Amino acid sequence: MARGLVLCSQTRTIAKLSFFLPYPKLWFKPHCHHHPCYGPQNIPSARVFCHCVSSQTLNLVDMAKYNEAFSRRMAMAGIKHHNRIALGVSGGPDSMALCVLAASWKTEGLYGFDNSGKFIDGLFAIIVDHGLRSESKDEASLVGNRVSEMGIRCKIVRCDWLNGKPKQGHLQESARDMRYKIFQDVCMQNQISVLLVAHHADDQAELFILRSSRDSGVLGLAGMAFTSQVFSSHTNFCNNDWKNHSVLLVRPLLDFSKEDMYKICQGSNQDWVEDPTNRSPLFARNRIRASLGNLLSGTFNSELQAVISVCRRTRIYVDQMCNSLIKQSITVMDQGFAVINLKTLNPSKIEDICLSKFISLVLQFVSQRQRPIRGSTSKLLLQYIRTIPCKTSLTAAGCYICPAPGSKGFKALVCCSVDCPLPSNAESFHTFSNVEEKHCFSDELEQIIANGKSYSNNNLVTNSSQAQFLDMRSQSVLDEARRLDVISESTHRNIISFQREEVSHFKSKTDEVASGCESKQGTEHIAAFLSEPLLPGQTCYFMNRFIISWKLSKEISSNWFRGEPLSLSYLEGDGHCCCVNEDEMVAKVRTMIDADWLYLAKLTKLPHSDNFEATRLPLTGKITCSDYSRLSAKVALKSLKSIPVAARKSIPVLVDDLGRLLSIPSIGFKHCPCMKASAVFKPRVPLGGGHGSFL
């Protein structure tokens, strides 16, 4: 959703402008023929409300051409007219153009207006009021009215900055993160599987310059994906299965230019608002946008897009290779760790770029930290994975890597490291009713992705000879593109000039950002306990990895011990009984520590009989919790022996409010048979990162 202050030029339109002030009644409408008359000193502090009217010499806009191109991109994404779609709307020319095209596409199908007759069925706009300026609330309301007039139902959501508003240097990044979190939340609440955003070709060009100035490799220079599966912070229960909710983020305007955005608004007689803060040179994208200026047209633009296209094909090849390597060499265990078969992987035969991406995907999956792995860490991991047999251990990117026991170094164990900064929150679930289950949007998304893959398969890059710039940094990519005549000498020179200009700004910020990250990471270690207790019957998501629940029941059935299901009541006996105050009982969740398995070993050494029947009390046939926990510990220790010591530390356990061990669900231990506990490994983001397309 680019919203830079670019007023309509004289050759394009005559722009009628209204400066939107905090008080709605205060309007004035000067006429402007070209934006240079508004120098930096003349930029208003509030947004500018624009309305384009045709000039006498301007040809009519061919809206049919734009509608056809938009429809083609929607089909490529696998989206059908009946699918429910959300639009991220800022009110700028880009997002308003997206609204115009999406509304036209929806009504061209057989799905018109809803029962109210006012709004287009299955189309929903999300407007985020960031609350960073005093007039933002009124502006969001204005945009909402404009969108509603187009027949699009909308929702305005105001950001809640719990930790205070972001600082100026991190303003755009923080606002973006908050915006997408809100998008995902609203999509989940309204059971919407697809989110459209208005990024276009000029945004892609700006991102290329930005990333090349940071010395990004070919994967970063590929830019924004056409489609990408974005996983929400929420998990839901649907169709008798736990499913991680995700949204398919689609950018259907990547083939359109900024100029096209204005033409679409003009051709549909649509108003928009311009945000003057997007001209501030404090932000990298604004600086790059200003530097590119009028170059994003003609030869320079076409050649720059050609380089991006080549990078995207290379990205497709790397993704295909990584998916293949994952299928061949990775085994994921129910306890939350992964095993890499190094012999099957055969790292010596794999290009550095593919192997580096592969190990990054595995570590991101195990740790559920979706930060990219770069620099020295990436080089260290690459060196480690190429050493066969592996004989040492390594801690990196939230994971602990070591030789798998009994593999003689030909298999590597990757498990979550609780000593690294990791998510430690526990979240409750959204559970659908029976009626809602019939229309579960997770199933709809799976079908959309399946539809889109048929188009992606036509763009497969089958071997490395079809992929350019492998293992090249930004400078090498540009030099090679010049050698291959993908770009001309003048385009090469201009890009280098933009890079150098932005590098000077970037270097001055590097030390400040790095020190800030270090101080932040030092305080994000997993707490010994989660702050909120887990009540009977509740379910939580622990470390973005485990679905944990527990409850009490007098009726038990055990496959560990002989006999039919027993109806039991318990005495306190020699040990404590966790069911004494059943109504008040709560459990806390933490990761396993050494003392836990030592405690299991201690339980097994208590006086006992090998005959389970002998543990029953005389006459009544009842047994005590201490008897049961001893037998449960014995069986659990056998299961624990199959789990490498390094992997045990990330296994969740339940303890009472005094810290006494209640259950280790992953290995079947529980202190009392009337307690039913489960811990299912269900990582938020799947191995491989989900569906994505760089068409």
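This text gives an overview of the structure that appears in the document. All values reported here derive from a predicted model rather than from experimental measurement. (Residues numbered from 1 in each chain as written. Predicted model: local features only at pLDDT ≥ 70, side-chain atom pairs only at ≥ 80, totals over all residues. Heavy atoms only, no water.)

**Points about the packing of helix H9 (residues 298-329) against helix H11 (residues 352-367)**
Note the threshold: Lines fitted to C-alpha atoms define the axes, with helix axes restricted to the stretch in contact, and inter-axis angles between N-to-C directions lie between 0 and 180 degrees. Elements are defined by DSSP. Helices are runs of H or I of four residues or more, strands are runs of E of two residues or more, and each kind is numbered from the N terminus. Put simply, angles under 35 degrees are roughly parallel, angles over 145 are roughly antiparallel, angles from 65 to 115 are roughly perpendicular, and the rest are oblique. Note: crossing handedness is left-handed where the near helix turns anticlockwise from the far helix by less than a right angle, and right-handed where it turns clockwise. When checking whether two residues touch, look at their non-hydrogen atoms; a contact exists if any pair is within 4.5 Å. The classification used treats Ala, Val, Leu, Ile, Met, Phe, Trp, Tyr, Cys and Pro as nonpolar, Asp, Glu, Lys and Arg as charged, and all other residues, Gly among them, as polar.
Interaxial distance between H9 and H11 falls to 9 Å at its minimum, and their mutual angle equals 55°. The angle between H9 and H11 places the two elements in the oblique class. Crossing of H9 against H11: the hand is right-handed. Judged by residue contacts, Arg-315, Tyr-317, Val-318, Asp-319, Met-321, Cys-322, Leu-325, Ile-326 and Ser-329 of H9 engage Ile-353, Cys-354, Lys-357, Phe-358 and Leu-361 from H11. Taken together, the residues of the contact of H9 with H11 sort by class into 10 nonpolar, 1 polar and 3 charged.

**Let's talk about the pairing of strand E23 (residues 652-655)**
How we decide: We call a residue buried when its accessible area falls under 20% of the maximum for its residue type, exposed when it is over 50%, and partly exposed in between, using a 1.4 Å probe and counting protein chains only. Here, strands pair whenever DSSP counts at least two bridges between them.
Residues Pro-652 and Leu-654 line one face of E23 and the alternating positions Val-653 and Val-655 line the opposite face, and both faces are buried. Sheet topology note: the strand E22 (residues 588-591)/E23 ladder contains 4 bridges and is antiparallel. By the bridge assignment for E23, Val-589 is matched with Leu-654. By the bridge criterion, 2 bridges tie E23 to strand E24 (residues 661-664) in an arrangement that is antiparallel.

**Describing the nonpolar core**
Rules: By convention a nonpolar core is built from buried Ala, Val, Leu, Ile, Met, Phe, Trp, Tyr and Cys residues, the set being connected through side-chain atoms within 4.5 Å. These domain boundaries are the output of an automatic or database domain assignment.
If you look at the biggest cluster of nonpolar residues, it comprises 88 residues, and the most contacted ones within it are Phe-208, Ile-340, Leu-345, Phe-358, Leu-363 and Ile-548. The element contributing the most residues to this core is H9, with 11 residues. Looking at which domains feed residues into this core, each of domain 1 (63-109 + 118-200 + 216-279 + 457-464) and domain 2 (532-565 + 576-610 + 622-681) gives three or more. Apart from the residues lying within four places of it in its own chain, the contact partners of Leu-345 are Leu-325, Ser-329, Ile-340, Ile-350, Leu-355, Phe-358 and Ile-385. Formed by 50 residues, the second largest nonpolar core is a distinct cluster that contains Met-96, Ile-152, Leu-248 and Tyr-262.

**A few points about the pairing of strand E18 (residues 539-542)**
The two faces of E18 match: Thr-539 and Tyr-541 on one face and Cys-540 and Phe-542 on the other face are all buried. Bridge count between E18 and strand E19 (residues 546-552): 4 bridges; the pairing is antiparallel. Paired with Tyr-541 across the strands is Ile-547, a residue of E19. Counted between consecutive antiparallel strands, the loop separating E18 from E19 contains 3 residues, among which Met-543 sits at a positive phi close to 60°.

**What to know about the pattern of salt bridges**
Spelled out, the test is: By convention in these notes, a salt bridge is any Lys or Arg side-chain nitrogen within 4 Å of a carboxyl oxygen on Asp or Glu.
This model, assessed by the stated rule, comprises 21 salt bridges. Among the ionic pairs, Arg-386 bridges to Asp-352, the shortest N-O distance being 2.4 Å. Here Asp-352 lies in helix H11 and Arg-386 lies in helix H12 (residues 375-386), a separation of 34 residues in the sequence. Given a relative accessible area of 36%, Asp-352 falls into the partly exposed group. Arg-482 serves as the salt-bridge partner of Asp-485, at 3.4 Å between the closest nitrogen and oxygen. A relative accessible area of 27% places Arg-482 in the partly exposed class. Three or more residues joined by partner-sharing salt bridges are found here, namely Arg-133, Glu-135 and Glu-139.

**Points about the sheet that holds E22**
With respect to topology, 4 strands assemble into an open sheet ordered E22-E23-E24-E25, the strand pairing being antiparallel. Each having just a single partner strand, E22 and strand E25 (669-670) make up the two edges of the open sheet.

**Some words on the packing of aromatic side chains**
The following threshold applies: Pairing of aromatic rings covers Phe, Tyr and Trp, the last counted by its six-membered ring, and requires centre-to-centre distances within 6.5 Å; plane angles under 30 degrees mean stacked, over 60 mean edge-to-face, and any other angle means tilted. Each ring is checked for a lysine NZ or an arginine CZ that lies within 6 Å of its centre and within 35 degrees of its normal; such an atom marks a charge sitting over the ring.
This structure, assessed with the given rule, holds 6 aromatic pairs. Here the aromatic rings of Tyr-66 and Phe-256 are separated by 5.8 Å at their centres, their planes lie at 35°, and the arrangement is tilted. Taken together, the positions of Tyr-66 in helix H1 (residues 63-76) and Phe-256 in the loop between strand E9 (241-250) and helix H7 (258-267) put the pair 190 residues apart, joining distant regions of the chain. Of the two residues, Tyr-66 and Phe-256, neither departs from the other in class, the shared state being buried. A network of ring pairs unites the aromatic residues Phe-365, Phe-546 and Phe-681 as a single cluster. Its end group placed over the ring of Trp-597, Arg-648 keeps NZ or CZ at 5.1 Å from the ring centre.

**A word on the sheet that holds strand E13 (residues 394-396)**
Strand order across the open sheet formed by 5 strands is E11-E12-E15-E14-E13, with antiparallel pairing between neighbours. Of all the strands in the sheet, the pair left with one neighbour each is strand E11 (330-332) and E13. Across the sheet, the mean angle separating the axes of adjacent strands is 20° when strand polarity is ignored. Strand direction decides the pairing type here: E11 and strand E12 (residues 338-341), joined by 3 bridges, are antiparallel. Paired with Ile-330 across the strands is Ile-340, a residue of E12. Relative to strand E15 (residues 411-416), H11 is tilted by about 40°, and along the sheet it contacts E11, E12, E13, strand E14 (399-403) and E15. Sitting on the sheet, H12 touches E12, E13 and E14, and the angle it makes with E13 is about 145°.

**Some words on the environment of Pro-652**
Of note, Pro-652 is situated in strand E23. Note on Pro-652: relative accessible area 1%, which makes it buried. For the pair Pro-652 and Val-680, spaced 28 residues apart in the sequence, the C-alpha separation amounts to 9.9 Å. Beyond its immediate stretch of four places on either side in the chain, Pro-652 contacts Phe-542, Phe-546, Ile-548, Val-589, Arg-590, Thr-591, Ile-664, Pro-665, Ser-666 and Ala-679.

**Side note on unusual backbone geometry**
Pro-389 follows Ile-388 through a cis peptide bond whose omega is -5°. Positionally, Pro-389 belongs in the loop between H12 and E13.

**Examining H1**
Going by this rule: Each helix should span, by expectation, one fewer than its residue count multiplied by 1.5 Å.
Relative to the 20 Å expected for 14 residues at 1.5 Å per residue, H1 spans 20 Å between its end C-alpha atoms, a close match to the ideal helical length. Taken together, the buried positions of H1 are Met-63, Tyr-66, Asn-67, Ala-69, Phe-70, Arg-73, Met-74 and Met-76. Looking one or two residues beyond H1, the residue adopting positive phi is Gly-78, at roughly 85°.

**Considerations on the environment of Asp-255**
This is how the line gets drawn: Think of a polar contact as two N or O atoms within 3.5 Å of one another; within protein, one of them needs to be a possible hydrogen donor and the other a possible acceptor, and neighboring residues in sequence only count if both atoms come from side chains.
With respect to the secondary-structure elements, Asp-255 resides in the loop between E9 and H7. Taking the relative accessible area as the measure of exposure, Asp-255 reaches 55% and is therefore exposed. Separated by 51 residues in sequence, Asp-255 and Gln-204 place their C-alpha atoms 9.6 Å apart. A polar contact of 3.3 Å, which involves the side chain of Asp-255, links it to the side chain of Arg-73.

**What to know about the packing of helix H17 (residues 594-604) against helix H18 (residues 625-640)**
The contact between H17 and H18 brings their axes to 8 Å, and the two run at 130°. Taken together, the axes of H17 and H18 are oblique relative to one another. For the pair H17 and H18, the crossing hand works out as left-handed. Residues Trp-597, Leu-600, Ala-601, Leu-603 and Thr-604 of H17 lie in contact with H18, whose contacting residues are Ser-629, Arg-630, Ala-633, Lys-634, Ala-636, Leu-637 and Leu-640. Residues of the contact of H17 with H18, tallied by class, amount to 8 nonpolar, 2 polar and 2 charged.

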